[in-house]
Amino acid sequence: MSFTESINNRGHVVLEQLVTLAATAHTLLGPSKRYKFINDEASGDSVMVCSSFRLLENLDLACSVGQLLSKTVLAQQKVFHSGSGSLLFLAGAWSRAALECLHQGITIPHVLSAMSEGLDVCVQVCRDRAVPIEVVLHQGVVQKWSVSKPHSEDPPSFNGHPFPKSSPVSEHRANVRPLAQPPCQHNSKAVKAARGKIKLTHSRHFTSNETSDSEGPTQRSVSQLNNSKNTELDSLAMAVSHGCDKAMDLVLQASRIQSRINGQGDSHKMFDVNKLVTCPLPGLPEDHSCALSGYVVLLSAEQASVVSRLKDQSIRIVLLSGDLNEKYRHLGFSNPAGVQHVTETLDVHGVSPEQGWVNGALAILLKYAVNVALVNGIASEQLTDHCWRHNILVIEQVKSVVLSDFAQATGAIPVSYITQVNRRCVGSGVRLQVWREYLSGRGTESTAVTVTSEKTDLVTAVITSSVHGKLQSLEDQFWGCAHRLHHALKDGKVLPGGGVVEMQCIHALQKRIENTSYRTKDECCGRSYVGRVLQLMVDGLMDYVSTLLCNSGQLSTKADAWTKIHEQLKDLKGDPDPCVNVLGLDVNDVLCSDSISKMESVYDNVTVKVEAWRRALDLVFLLLQTDSEIITGFDAEQQDIQSNSFVFL
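Here goes a summary of the coordinates provided.

Analysis parameters
- Residues numbered from 1 in each chain as written.
- Predicted model: local features only at pLDDT ≥ 70, side-chain atom pairs only at ≥ 80, totals over all residues.
- Heavy atoms only, no water.
- Patch = residues over 30% accessible without salt bridge, like charges linked within 9 Å, V, L, I, M, F, W, Y side chains within 5 Å.
- Areas by Shrake-Rupley, 256 points an atom, 1.4 Å probe, with all protein chains shown as cover.
- Salt bridge = Lys/Arg side-chain N within 4 Å of Asp/Glu carboxyl O.
- Lys, Arg positive; Asp, Glu negative; His and termini not counted.
- Charge placed at Lys NZ, Arg CZ, Asp CG, Glu CD.
- Helix = DSSP H or I, 4+ residues; strand = E, 2+ residues; numbered from the N terminus.
- Buried < 20%, exposed > 50% of the residue type's maximum accessible area, 1.4 Å probe, protein only.
- Pairing = 2+ DSSP bridges.
- Axes fitted to C-alpha atoms, helices over the stretch in contact; angles between N-to-C directions.
- Contact = heavy atoms within 4.5 Å.
- Phe/Tyr/Trp six-rings, centres within 6.5 Å; stacked < 30°, edge-to-face > 60°.
- Arc of directions from axis to C-beta.
- Core = buried A, V, L, I, M, F, W, Y, C linked by side-chain atoms within 4.5 Å.
- Parallel < 35°, antiparallel > 145°, perpendicular 65-115°, else oblique.
- Left-handed = near helix turned anticlockwise from the far one by under 90°.
- Nonpolar A, V, L, I, M, F, W, Y, C, P; charged D, E, K, R; others polar.

Examining a negative patch on the surface
Stage number 1. Side chains of Asp40, Glu41, Asp45 and Asp60 sit close together on the surface and give a patch of like negative charge.
Stage number 2. Locating aspartate 45 in the fold gives a position in the loop between β1 (36–39) and β2 (46–49).
Stage number 3. According to the relative accessible area criterion, aspartate 45 is exposed, its value standing at 53%.

What follows is the structure in structure tokens.
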């Protein structure tokens, strides 16, 4: 029995499991995500999720495939905070493609080689189709200009002058057609009718202020565009918001605060995601979410009483990078074995070692007049109770980014142990202020407090919701928006979203398949399998685009989506520079619709998308090779033969 026949007879269980697990997250793809409830039959608890990452995190994945998949998605989420949905979907789609390749008798080395070639084609498409962010920024200005001014007037650039036709951006725009474009000149009547229906006083695109008609039309509009808050960053942010408009608005609020802190006003192009933290606040409506300068933390009534006594005072602070208790030891500490402590005196007072440590720690804080202690880990409850009685506020579970910011702003030096604190480690210039008092859903009183200093660059996004189970999803959406904006600025380029890049990849793969089929037998050299493997990868990408169209509400069924995709692919044949609009919008009639949201272009991050594709295919390869070893065994006599059949990752 041959190697491939053995695999086909006994089946690839892990790939089938991966396909099944990936299918559970199909409804979580795209901007219109559906919430899912995960129930624990043992305890009766439930959790609400709306992302692939949280879905896998809360499932009891006992199988090895589930654990590998969960770790892969976790690695993607930890670095990029986005792209986990695409990763999970394509991992399942390409696992199905690999299974079909094996059923057709294609060997594993050939599957690996051809699928790697297909991924290289897709990555090259991403490189070729990447759009500079200047195009997106200019496009946002043009869209605002098109709503308010006739087309006879030239749209303003970022500095108030017309956009030069000879600039690199305009040259790139000649080859790239975004999802939303300014309306064509020939449809001027419909455009004027649409303008008569639309009167916006405030939207996420721009803010229009009432101005006198005596001002010149050009001067007034240019002034409004240039003086609008974060005009340039708003356009890019909404392009990568992926339907999470409220979360992206919160990100832009934080960006404006960072800009004012750095003395750059309200219009800028910079955004530092490393200076952001979140504070989930249950019990309040979602429209109470906001961004505040400094560190916002939720405290109990006892701790809040300390803040009330210390408000409007410049106080001193210490930073602890570990736990604040007697048993804490730093990472790597090795406690010597077999050591006994012998003393000649008897402890007549009966003070325990923990109580002695608490007394010593409190004495250190009082000695250096410390009123705030930020602890990265857990604080001793006994010490905390003693501290608030002496007007010392101890805040535990503080993130490292907060400690770093306050170390830079106050001059404090983070230490691992309270016994290491000396005069040089204590910072100053910290202020405490009660921001909001409220009753939580369980009837307990809580207080939101802001910890600030004059030089802090930290911004806290306060995320609120009356539904406690929804807070985590809203927080994930905020971080996803923040990191998409961060990576867009970091890469300097973005990709057309909404399935456009995937359609371009399908077109490129089909051209590669045609080129392969046109070759002679001598040229192919036994590579006839390449076309079949690439076609199966195309089917996976088409399944991705069709699911995206259905989930976004563009089409009702998968059959309609596949039909529409095939029709558009037929129109692309012979086009050397394809750029399709898979959302079904007529770009010539954008302004003729009552929905201004159709003007927006949807974009994805280049690095995030490429890494999600790579991780998905790497996972498929790993499971394919590992399962083959389990099915066929690894006989020592066939070691040389089988070793050539694997590509270890």
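Overview of the sheet that holds strand β7 (residues 315–320)
Stage number 1. On the basis of which strands lie adjacent, the open sheet formed by six strands has the order β6-β11-β10-β7-β8-β9 and mixed pairing. Of all the strands in the sheet, the pair left with one neighbour each is β6 (295–299) and β9 (393–395). Each adjacent strand pair in this sheet contributes to an overall mean axis angle of 35°, direction not counted.
Stage number 2. Helix α16 (residues 400–410) contacts β6, β7, β8 (372–375), β10 (427–439) and β11 (445–453) of the sheet and is inclined by roughly 140° relative to β7.

Looking at the sheet that holds strand β12 (residues 459–465)
Stage number 1. Strands sit in the order β4-β12-β5 across an open sheet of three strands; the sheet is mixed. Looking at the sheet topology across the chains shown, the edges are occupied by β4 (276–282) and β5 (290–293). When strand polarity is set aside, the average angle formed by the axes of neighbouring strands in this sheet is 30°.
Stage number 2. Along the sheet, helix α12 (residues 245–261) contacts β4, β5 and β12; its crossing angle with β5, the most-contacted strand, is approximately 20°.
Stage number 3. On top of the sheet, helix α17 (residues 471–491) reaches β4 and β12; it is set at about 160° to β4, its chief contact.

A closer look at the packing of aromatic side chains
Stage number 1. Applying the stated rule across the entire model yields three aromatic pairs.
Stage number 2. Aromatic pair tyrosine 328 and tyrosine 417: ring centres 5.6 Å apart, planes at 50°, arrangement tilted. Of this pair, tyrosine 328 sits in the loop between β7 and α14 (353–367) while tyrosine 417 sits in the loop between α16 and β10, placing them 89 residues apart in sequence.
Stage number 3. Classification of tyrosine 328 as buried rests on a relative accessible area of 17%.
Stage number 4. Between phenylalanine 478 and tryptophan 479, the ring centres sit 5.4 Å apart and the planes meet at 70°, which makes this aromatic pair edge-to-face.

Quick notes on helix α15 (residues 381–389)
Stage number 1. When we look at burial in α15, the residues that qualify are Leu383, Thr384 and Cys387. On an axial view of α15, the arc spanned by its buried residues comes to 100°, and they lie on one face. The outward face of α15, more than 90 degrees from its buried face, is lined by the exposed residues Glu381 and Arg389.
Stage number 2. Looking one or two residues past α15, asparagine 391 carries a phi angle of roughly 60°, positive in sign.

Regarding the nonpolar core
Stage number 1. One finds Trp94, Met115 and Trp613 to be the most contacted residues of the largest nonpolar core, which totals 79 residues.
Stage number 2. In terms of residue count, the dominant contributor to this core is helix α20 (residues 529–551) (14 residues).
Stage number 3. Sequence-distant contacts of tryptophan 613, that is, excluding residues within four places in its chain, are made with Leu90, Trp94, Leu119, Cys122, Cys126, Val501, Glu502 and Cys505.
Stage number 4. Judged by nonpolar contacts, the second largest core, of 36 residues, contains Leu276, Ala461, Leu471 and Cys481.

Here's the deal with the pairing of β6
Stage number 1. In terms of residue burial, β6 counts as a mostly covered element, since four of its five residues are buried.
Stage number 2. Both β6 and β11 contribute to a ladder of five bridges, which runs antiparallel. Counted as the bridge partner of tyrosine 295 is valine 451 from β11.

With respect to the pattern of salt bridges
Stage number 1. This model, assessed by the stated rule, comprises 10 salt bridges.
Stage number 2. Residues lysine 275 and aspartate 405 are paired through a salt bridge, measuring 3.4 Å at the closest nitrogen-oxygen approach. Taken together, the positions of lysine 275 in the loop between α12 and β4 and aspartate 405 in helix α16 put the pair 130 residues apart, joining distant regions of the chain.
Stage number 3. On the accessibility criterion, lysine 275 (17% relative accessible area) is buried.
Stage number 4. Measuring nitrogen to oxygen at the nearest pair gives 2.9 Å for the salt bridge that ties aspartate 543 to lysine 558. Highlighted residues: aspartate 543 in helix α20 and lysine 558 in helix α21 (residues 558–572), separated in sequence by 15 residues.
Stage number 5. For aspartate 543, a relative accessible area of 10% corresponds to the buried category.
Stage number 6. Owing to a relative accessible area of 34%, lysine 558 belongs among the partly exposed residues under this scheme.

Details of the packing of helix α5 (residues 84–103) against helix α6 (residues 108–129)
Stage number 1. It is at 10 Å that the axes of α5 and α6 come closest, and there the two elements cross at 140°. Here α6 runs oblique to α5, going by the angle between their axes. Relative to α6, α5 is oriented so that their crossing is right-handed. When α5 is examined against α6, the residues Trp94, Ala98, Cys101 and Leu102 are found in contact with a partner set consisting of Ile108, Val111 and Met115.
Stage number 2. Across the contact of α5 with α6, the residue classes break down as seven nonpolar, no polar and no charged.

Quick notes on unusual backbone geometry
Stage number 1. Phi at histidine 81 is positive, roughly 55°, even though this residue is not glycine.
Stage number 2. Given a relative accessible area of 23%, histidine 81 falls into the partly exposed group.
Stage number 3. Backbone geometry places alanine 369, a non-glycine residue, at a positive phi of 55°.
Stage number 4. Residue position: alanine 369 is located in the loop between α14 and β8.
Stage number 5. The exposure class of alanine 369 is partly exposed, given its relative accessible area of 42%.

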